[in-house]
Amino acid sequence: MSEGFDDLLAANKRYSISFPHGFDGIAHQGVLIITCMDSRLEPLEMFGLRVGEAKVLRTPGGRVTPAALAGCVLGAYKLNVSRILVVPHTRCAAAAMDDAGVRASILESAGVDVGDFVFGADPDQIGRLRDDVELLRNHELLAGRCDVGGFLYDVDTGLVEQKC
């Protein structure tokens, strides 16, 4: 086993003493948030939610990937989800360039050719957000079952603005 995780395992032992117990896995506020993997975002806190009140799915750029779509459908039918928020953010690396730019950047900085790997990067962040929201709103398994909204989180102010 790798010793590279020892600090995190030690922190987990401390956490286990006081972590919230007794949750059933249901989204008690009916909320599912799809947002970016960026560590500047605290999805529950930014909406005044606590553990057990919402489901959180993280993807590069806060995009609706096939796995995120599967999570939305599962959430809607099994986990009490009735509201889905898609929340990308300002100053996002996945909105700074397209996939070709990301691949070129990795090649330049790391010397690794990632081939035609798809990251989902696109500088038209609001256009992507609108497309993702429409995908969810019109999906045969979600339409009429969940309210879906598109929002932009500002990493400099902490504010969220509804875009669609």
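Everything here concerns the structure above.
Residues numbered from 1 in each chain as written. Predicted model: local features only at pLDDT ≥ 70, side-chain atom pairs only at ≥ 80, totals over all residues. Heavy atoms only, no water.

Participant: Account for the sheet that holds strand S2 (residues 54–59), with residues named and values stated.
Facilitator: Pairing is mixed in the open sheet, where five strands are placed in the order S2-S1-S3-S4-S5. In the strand order of this sheet, the two ends are held by S2 and strand S5 (160–162), each with one partner. Between one strand axis and the next, the sheet turns through 25° on average, direction left out of account. Relative to S5, strand S4 (residues 147–153) is paired through three bridges, and the arrangement is antiparallel. Bridged to Leu152 within S5 is Glu161. Set on the sheet, helix H5 (residues 125–138) makes contact with strand S1 (31–36), strand S3 (83–87) and S4; between it and S4 the angle comes to about 165°. (Pairing = 2+ DSSP bridges. Helix = DSSP H or I, 4+ residues; strand = E, 2+ residues; numbered from the N terminus. Axes fitted to C-alpha atoms, helices over the stretch in contact; angles between N-to-C directions. Contact = heavy atoms within 4.5 Å.)

Participant: Let's hear about the nonpolar core: which residues, and what values?
Facilitator: Ranked by size, the top nonpolar core spans 19 residues in total, and within it Ile34, Cys72, Ile84, Val86, Leu136 and Leu142 carry the most contacts. Taken together, the elements giving at least two residues each to this core come down to S1, helix H3 (66–78), S3 and H5. Considering each element in turn, this core owes the most residues, five residues, to H3. With residues up to four places along the chain from it excluded, the contact list for Cys72 reads Leu32, Ile34, Leu57, Ile84, Leu136 and Leu142. Core analysis: the second largest hydrophobic core is formed by 16 residues, Val31, Leu44, Met46 and Leu85 among them. (Core = buried A, V, L, I, M, F, W, Y, C linked by side-chain atoms within 4.5 Å. Buried < 20%, exposed > 50% of the residue type's maximum accessible area, 1.4 Å probe, protein only.)

Participant: Describe the environment of Ala68, naming the residues involved and giving the relevant values.
Facilitator: Here Ala68 lies in helix H3. Of the residues examined, Ala68 reaches a relative accessible area of 2% and is grouped as buried. Ala68 sits 11 residues away from Leu57 along the chain, and the two C-alpha atoms are 6.4 Å apart. Ignoring sequence-local partners within four residues, the contact set of Ala68 consists of Ile34, Leu57, Thr59 and Arg63.

Participant: Give a description of a nonpolar patch on the surface that names residues and reports values.
Facilitator: A cluster of nonpolar side chains, Phe5, Leu8 and Leu9, forms an exposed patch at the surface whose accessible area comes to about 330 Å². Assignment of secondary structure puts Leu9 in helix H1 (residues 6–18). (Patch = residues over 30% accessible without salt bridge, like charges linked within 9 Å, V, L, I, M, F, W, Y side chains within 5 Å. Areas by Shrake-Rupley, 256 points an atom, 1.4 Å probe, with all protein chains shown as cover. Salt bridge = Lys/Arg side-chain N within 4 Å of Asp/Glu carboxyl O.)

Participant: I'd love a proper account of the pattern of salt bridges, names of residues and values included.
Facilitator: In the structure shown here, the tally under the stated rule is six salt bridges. With a closest N to O distance of 2.6 Å, Arg40 and Asp38 form a salt bridge. Arg137 serves as the salt-bridge partner of Glu134, at 3.3 Å between the closest nitrogen and oxygen. Of this pair, Glu134 and Arg137 both sit in helix H5, three residues apart, roughly one helical turn. Given the relative accessible area of 37%, Glu134 is considered partly exposed.

Participant: I'd love a proper account of the pairing of S4, names of residues and values included.
Facilitator: The element S4 is extensively covered by neighbouring structure, given that six of its seven residues are classed as buried. Here four bridges tie S3 to S4, and the two strands are oriented parallel to one another. Looking across to S4, one finds that Arg83 is bridged to Asp147. The antiparallel hairpin formed by S4 and S5 contains six residues in its connecting segment, where Gly158 sits at a positive phi of about 80°.

Participant: Lay out the environment of Asp124 in plain terms, naming residues and giving numbers.
Facilitator: For Asp124, the position within the fold is in the loop between helix H4 (99–110) and H5. Using a relative accessible area of 44% as the deciding quantity, one classes Asp124 as partly exposed. A C-alpha to C-alpha distance of 8.9 Å links Asp124 and Ala96, two positions 28 residues apart in sequence. Within the local environment of Asp124, its side chain forms a polar contact with the backbone nitrogen of Gly127, the two atoms lying 3.0 Å apart. (Polar contact = N/O pair within 3.5 Å; in protein donor to acceptor, adjacent residues only side chain to side chain.)

Geometric values such as these leave the question of function open.
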